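# Coordinate analysis (summary)
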Amino acid sequence: MVFAAPGEALGRARRVLAERPAPLHASVAHQVVGIWQRDFGDLRLALRHLRRARDLAARADSPEREADVLATLGVALVHAGRTRQGMDALGRGVERGTGHTRARVLFRRAYAWWVLGRHKEALEDVRRAIPVLRQAGDVIWTARALTLRATVHLALGAVERADADFTAAEALWDTTGQEHDKADAVESRGLAAFRAGDVPAALRLLDEAEERYAKLGTPTFMLSIRRCEVLMAAGLAAEALAEADAAIKVLDEIGGQSTRKAELLLAAARAARLAGDPQTAMARAGLAVRLFAGQHRAWWEAHARLVLIGARHAAGRRSGRLVAAAAAVAGQLTALGAPAAPEASLLAGRIALDLGRADEAERHLAVAARSRRGGPPLARMTGWAAQALRARTAGSARGVLEACRRGLDVLDDHRMTLGASELRARATAQGAELAALAQEASLVSGGPRRLLVWSERWRATALSAPPTRPPADPALLSGMTAYREIAARAEEARMEGRPVPALEREQRRLEREIRSRTLHMRGEAPGDGDRFDVGALLRHLGDDVTLVELAVLDGRVQVLLCGRGRVRRFEAGLLAAAESEAEHVQAGLRRLAHPGAEARLPLVEAAGRRLEELLLGPAAAHLGSGPVVVVPPGRLHRVPWALLPSLRERVLSVSPSASSWLRAKRTAAPSGGGQVLVRGPGLATGGAEVPELADRYGEATVLEHGDATVPRVLTELDGAGLAHIAAHGAFRADGPMFSSLRMADGPLIVHDFERLDRSPYRIILSCCDTARFATVGADELLGLVTALLPLGTAGVVACSAPVNDAAVVPLMLALHKGLGAGLSLAESLRDARAALPGDAVHQATGWAFTAFGAA
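Thresholds applied
- Residues numbered from 1 in each chain as written.
- Predicted model: local features only at pLDDT ≥ 70, side-chain atom pairs only at ≥ 80, totals over all residues.
- Heavy atoms only, no water.
- Axes fitted to C-alpha atoms, helices over the stretch in contact; angles between N-to-C directions.
- Helix = DSSP H or I, 4+ residues; strand = E, 2+ residues; numbered from the N terminus.
- Parallel < 35°, antiparallel > 145°, perpendicular 65-115°, else oblique.
- Contact = heavy atoms within 4.5 Å.
- Expected span 1.5 Å × (residues − 1).
- Buried < 20%, exposed > 50% of the residue type's maximum accessible area, 1.4 Å probe, protein only.
- Pairing = 2+ DSSP bridges.
- Right-handed = clockwise from strand over helix to strand, strands pointing away.
- Phe/Tyr/Trp six-rings, centres within 6.5 Å; stacked < 30°, edge-to-face > 60°.
- Lys NZ or Arg CZ within 6 Å of the ring centre and 35° of its normal.
- Salt bridge = Lys/Arg side-chain N within 4 Å of Asp/Glu carboxyl O.
- 1 Å grid on protein atoms, 1.4 Å probe; cavity = no way out; pocket = protein on both sides within 12 Å on 5 of 7 lines; lining within 4 Å.
- Points joined across faces, edges and corners; volume = space filled by probe spheres on them.
- Nonpolar A, V, L, I, M, F, W, Y, C, P; charged D, E, K, R; others polar.

Here we come to the packing of helix α4 (residues 63-79) against helix α6 (residues 99-116). For the pair α4 and α6, interaxial distance at closest approach is 9 Å and the crossing angle is 5 degrees. The orientation of α4 relative to α6 falls into the category roughly parallel. Mapping the contact onto sequence places Glu64, Ala67, Asp68, Ala71, Thr72, Val75, Val78 and His79 in α4 and Thr101, Arg104, Val105, Arg108, Tyr111, Ala112, Val115 and Leu116 in α6.

Quick reminder: α-helices carry 3.6 residues per turn. Residues three or four places apart thus point the same way. Counted at 1.5 Å a residue, the expected span for helix α7 (residues 119-135) with its 17 residues is 24 Å, and the 25 Å between its end C-alpha atoms agrees. Within α7, the full set of buried residues consists of His119, Ala122, Asp125, Val126, Ala129, Ile130 and Leu133. Of the surrounding elements, those touching the buried residues of α7 are α6, α8 (139-155) and α16 (298-314). Phi for Gly137, located one or two positions after α7, is positive at around 70 degrees.

As paired elements, strand β6 (residues 675-679) and strand β7 (residues 701-704) share 4 bridges and run parallel to each other. Each residue of the ladder has a partner; that of Leu677, found in β7, is Val702. The β-α-β motif built from β6, the intervening helix α31 (residues 689-697) and the parallel element β7 has right-handed crossover chirality.

Here we take up the packing of aromatic side chains. All told, the structure shown has 5 aromatic pairs when counted by the stated rule. An angle of 45 degrees between the planes, with centres 5.8 Å apart, marks the rings of Tyr111 and Trp114 as tilted. Linking Tyr111 with Trp114, this pair stays in helix α6, spanning 3 residues, or about one helical turn. The class for Trp114 is buried, based on a relative accessible area of 10%. Relative to Trp300, the ring of Phe292 lies with its centre 5.8 Å away and its plane at 20 degrees, an arrangement referred to as stacked. Each of the two residues, Phe292 as well as Trp300, counts as buried. For Arg372, the ring lying beneath its charged end belongs to Trp384, and the centroid distance is 5.3 Å.

Let's shift gears to the pattern of salt bridges. Within this structure, the stated rule accounts for 48 salt bridges. Between Asp138 and Arg104 there is a salt bridge whose closest N-O contact spans 3.0 Å. Linking Asp138 in the loop between α7 and α8 with Arg104 in helix α6, this pair joins segments that are 34 residues apart in sequence. Judged by relative accessible area, which is 24%, Arg104 ranks as partly exposed.

Let's shift gears to the environment of Ala168. Within the secondary structure, Ala168 sits in helix α9 (residues 159-173). A relative accessible area of 30% places Ala168 in the partly exposed class. C-alpha of Ala168 to C-alpha of Ala143: the two residues are 25 residues apart in sequence and 7.6 Å apart in space.

What the rule picks out here adds up to 6 cavities of 30 Å³ or more. Here the largest cavity is characterised by a volume of approximately 110 Å³. Around the largest cavity sit 13 residues that line it, and Leu683, Thr685, Ser766, Cys767 and Asp805 are the ones nearest its centre. Element by element, the count of residues in the lining of the largest cavity is highest for helix α35 (residues 805-820), at 3 residues. Here the residues of the lining of the largest cavity sort into 6 nonpolar, 5 polar and 2 charged.

If you want it as structure tokens, here you go:
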């Protein structure tokens, strides 16, 4: 009962003990309390009860009872880190038990072997147990044994065998009332889905398992470990670190299993390393190594040492001893049959290369490169990374580019199994090194065209296909409706100066629920078969338009000037200096949004000149006189490009990638798409431009006051030719997919836009911070604008800084005047800036707005 209804089982056992039963019955009751405390509570209390159960079983003169308790006690001792005592107890249990009881003890010893990473011994014990359990008709223990065997197969990389056992176990669980075991089976299926490369299914199953555990009121430490692994593969390392650290805190508070703590520390160390925090990774991994060593868990200790060595390397440490340590771990992992062995060989090769030991590096990299031929996507990418490094060491630029191409193709296929745009964007981080190696090889040997191709190969790829949109997920739609209501109430309370902790907690809960459901979506779009074509780009640019793509190699900006049939390269300044200058400019624009800051204008203009030198360098003199399209790296998308002197008077647009600009250029306006004008609540000017625009367009759909609700706005935006939204914007750096525009019934968020069949052909967002993005992955952007571009929008005007609401009105009216005359968004925005008064507030307002795309 303890795994069917844990709380009820604990209560009944305590009632039995209160009645002072005979030793045999008391042994059972103490064992139940011990199991509950071992798995869900305080391990010290568990050991006390289990030792009492063992002694009572001996007094009852029942060898079968004693064997069963010894098995439970042995597992508890192993989890407490007392490995030798635990395995001795399990061995005595095997000796004392017979038949059916002995098979149950063998299963539990197999489980202990698995915890210790002794997979061969685990498989042997479970192989001996399963036939006996089946013959006895013991459905529950047979299902447990099959689940364990599947889990061991997964650890050894045998996914198909694991899947067969999980399927057989699940069929048996369906005939029982073992709710905790059923939840564990769902959790295990999530792990199997992850090992098979299906991250959305893994996240969905792990969330389902968590819901089942929550109903039983049981902790979920193993699930946290598994979810960390999946989150890291999805590019969500910071979230994995937070989950692991939170679980460690809870485990410490209840005095839980030492084995689980070690595993959580290892998960935290891996996550910290991936999140770019080597110091935290070293601290967590070092503690995990000590715990695993004390628990005699060689499999786990080797994995923790691998993370520790990798963190030391990431922190800048280089030595022959570190190479030897990585090589030793690679040997251990190979001997243990661990799939992580190639990763250790790759690490040893990297460190040897850093030390200039080419021959030694080649030996390790050659071993790591073998994994490129098979296995899960990330293992194959490890192999291709090793192959690329081998080719670079051998001086073969062609070999580097081929290895990088093959590795990124693997990651492309993996990304497109992900339905959520956030996961697609974050997953690209795993290809950042391959992309950088390819760009480096292109710069050395291939000329500007090849560098452009590789700059495009891994830039804004998440925008290459729309996110998957479920036809109608009632739970998701219901959650988003509730979220809007709660967010609107919280905003109203804040404006009235009232504290809103309860509403904010509920808002965060709903955000987690919405995000969780979107991450479950599996991708349906095939990999992007249209490779970037430099010739096609140059043909569309013609002799008039110049596209400026900024690539970053070794921290320096490389300017690729595309137009008039050729690609030229210029070297500009350091990226770090440009980022710092851009932050100064943003601060200046914020000040200029308020009257009385006119003295700041010369300072902002001077910063614009410095930015031009850093970002364009000598290329600024070769831009020609026609329109310019700027394609910056993700970290520079907040630059107000119109402030740069050589771009100030130009027709100027910005695009996340040259490929994205080409797609926008080829996007046709919808036939019959009308104009939609939206005015949200709470604007300082009341959205004063909207009534004037309504008069100008005549038949435009106007949504304001109570009509400007999220469902109505989405309905009208779908397939529109032009949309103008005047509403308060809020950028969420902590959750960019919850960046929003305020409507009458609450926030219109990025997730809402992704439900559109086709977003408006042109859209104008006349409010603050709508052009702000979060930079994630290799070079990806998440935000309002980037949600629209894959959905049919060819052009957006949005703002990257806080602006003066009153100064926005004449800018918007002048912008629409240009559109009415048949100009593009970029042409109209240039003319609108020129038509503004020359004071500092209006100038800053004009610079803060940017035209994106090609419409």
